Amino acid sequence: MDWTQSVLTADPKIVTEQNSKLLQIEERMQTKLTNLENRVKNITKEMSTKSCPSNWIPFGSSCYNIRAQEKSWYHAAMECLQYGAKLVEIETKQENDFLKQRIRIYDEDLLKQNITTYSEYKKFWIGGTDKIIEGRFVWASTGNLLSFTDWDAILMEPNDRGGNEDCIEISSFPTRRGIWNDANCAAEFYFICERSL
Ligand SMILES: [Ca+2]
Ligand SMILES: [Ca+2]
């Protein structure tokens, strides 16, 4: 019996049964597909609603807020805590480069005028300190040793000048932009807070 014959002689009852089984399978698959589509929709919605608070800049898995108020390192750290954040802790070159770019904005006028006086430029506290053990710089929120650093090599930082420099700042000075220096924790600088996304 060839194929044509088998179709022609097929028992209509069996054909109907098979059709209804196929319909059931299709229905089940359709339900599963709809469920899956809804799950994807929900996940996409969740991901897109996860964003930084207003005035915070997103980068990687963190949000940053550059505070244009001069405060000591301690007061800066306290203020960041109030926002559910910490003084920024820089773990990668990418994060460091991003911040170098962002702090530039605060000295745009000086840059336009080609001013080369280092002290004129803004400085920004970040979350590193060696207050507990001299020479052993850690991130304040974890106590972890710095895994990435960008110390000013030319000025041989960190130099603990006057035996009194235990907190890390970065400056927007053109040739030293974003390069790290240990400074006196009591000095009042702008600062950068970081919180997770
Ligand atoms: Ca960080
Ligand atoms: Ca120093």
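Note that the structure is a prediction, hence the values are computed from the model and not measured. Note on numbering: residues in each chain are counted from 1, in written sequence order. Just so you know, chain letters begin at A and ligand numbers begin at 1, following the order they were written in. It should be noted that, the model being predicted, local features are given only for residues of pLDDT at least 70 and side-chain atom pairs only at 80 or more, the latter also being counted only at that level, while totals for whole chains, interfaces and linings use all residues.

1. Looking at the overall build of the protein
Under the convention used in this document: Segments assigned H or I by DSSP are reported as helices when at least four residues long, segments assigned E as strands when at least two residues long, and all are numbered from the N terminus. Both definitions apply: the radius of gyration is a C-alpha atom measure, and the globule rule equals 2.2 Å times residues to the power 0.38. Any residue whose C-beta has 12 or fewer other C-beta atoms within 10 Å is treated as exposed, any with 20 or more as buried, and any in between as partly exposed, C-beta atoms being built from the backbone. Note that contacts rest on C-beta atoms placed from the backbone: two residues are in contact if these are within 7 Å.
Helix and strand content of the protein: five helices and eight strands. From first element to last, N terminus to C terminus, the protein shows the α and β order α-α-β-β-α-β-α-α-β-β-β-β-β. A globule of 197 residues ought to have a C-alpha radius of gyration of about 16 Å, yet the protein, at 30 Å, is considerably larger. Overall, the C-alpha framework of the protein stretches about 105 × 40 × 30 Å when taken along its three principal axes. Taken across its 197 residues, the protein has 24% of its residues classed as buried. The contacts of the protein with a sequence gap of at least 6 include a subset with a gap of at least 24, amounting to 68%.

2. Thoughts on the pairing of strand S2 (residues 62-71)
Operational definition: Only when DSSP finds a minimum of two bridges between them are two strands counted as paired.
Bridge count for strand S1 (residues 57-59) against S2 is three bridges, and the pairing is antiparallel. Of the residues in S2, the one forming a bridge with Pro 58 is Cys 63. Hairpin geometry of S1 and S2 is characterised by an intervening segment of two residues between the two adjacent antiparallel strands and by a positive phi of about 55 degrees at Gly 60. Relative to strand S8 (residues 189-196), S2 runs antiparallel, the two being bridged by seven bridges. The residue of S8 that forms the bridge with Lys 71 is Phe 189.

3. Re unusual backbone geometry
Residue Pro 158 follows Glu 157 across a cis peptide bond; omega there is 0 degrees. Within the secondary structure, Pro 158 is located in the loop between strand S5 (138-139) and strand S6 (167-171). Look at Asn 114: it is not a glycine, yet its phi comes out positive at around 55 degrees. For Asn 114, the position within the fold is in the loop between helix H5 (108-112) and strand S4 (123-129). The residue Asp 160 is not glycine, and still its phi comes out positive at about 45 degrees.

4. What about the nonpolar core?
For clarity, the cut-off: Nonpolar cores are identified as sets of buried Ala, Val, Leu, Ile, Met, Phe, Trp, Tyr and Cys residues joined via C-beta atoms within 7 Å.
If you look at the biggest cluster of nonpolar residues, it comprises 28 residues, and the most contacted ones within it are Leu 87, Phe 124, Trp 125, Ile 126, Phe 191 and Ile 192. Counting only elements with at least two residues in this core, the list comes to S2, helix H3 (73-82), helix H4 (93-104), S4, S6, strand S7 (180-183) and S8. Counting residues per element, this core draws most heavily on S8, which supplies five residues. Apart from the residues lying within four places of it in its own chain, the contact partners of Leu 87 are Ala 76, Ala 77, Cys 80, Trp 125, Ile 126, Gly 127, Ala 140, Phe 191, Ile 192 and Cys 193.

5. Structural notes on the domain arrangement of the protein
Put simply, the rule is: Throughout the structure description, domain borders are defined by an automatic or database domain assignment.
What the domain assignment reports for the protein is domain 1 (3-49) and domain 2 (57-196). Placing the centre of domain 1 and that of domain 2 at their C-alpha centroids yields a distance of 60 Å.

6. Some words on the environment of Glu 165
Relative to the helices and strands, Glu 165 is located in the loop between S5 and S6. By the C-beta count within 10 Å, which is 20 here, Glu 165 ends up buried. Residues Glu 165 and Leu 99, spaced 66 residues apart in sequence, show a C-alpha to C-alpha distance of 22 Å. Leaving out residues up to four positions away in the same chain, Glu 165 has contacts with Pro 158, Asp 160, Asp 182, Ala 183 and Asn 184.

7. Quick notes on H3
Counted only if it meets this: Of all possible arcs, the one meant is that of the directions from the helix axis to the C-beta atoms.
Burial in H3 covers these residues: Trp 73, Ala 76, Ala 77 and Cys 80. Projection of H3 onto a plane perpendicular to its axis shows the buried side chains occupying an angular sector of 100 degrees, all on one side. Exposed residues pointing more than 90 degrees away from the buried face of H3 are listed as Met 78 and Gln 82. The inward-facing, buried residues of H3 contact S2, strand S3 (86-87), S4, S6 and S8. The first or second residue beyond H3 is Gly 84, which carries a positive phi of 70 degrees.

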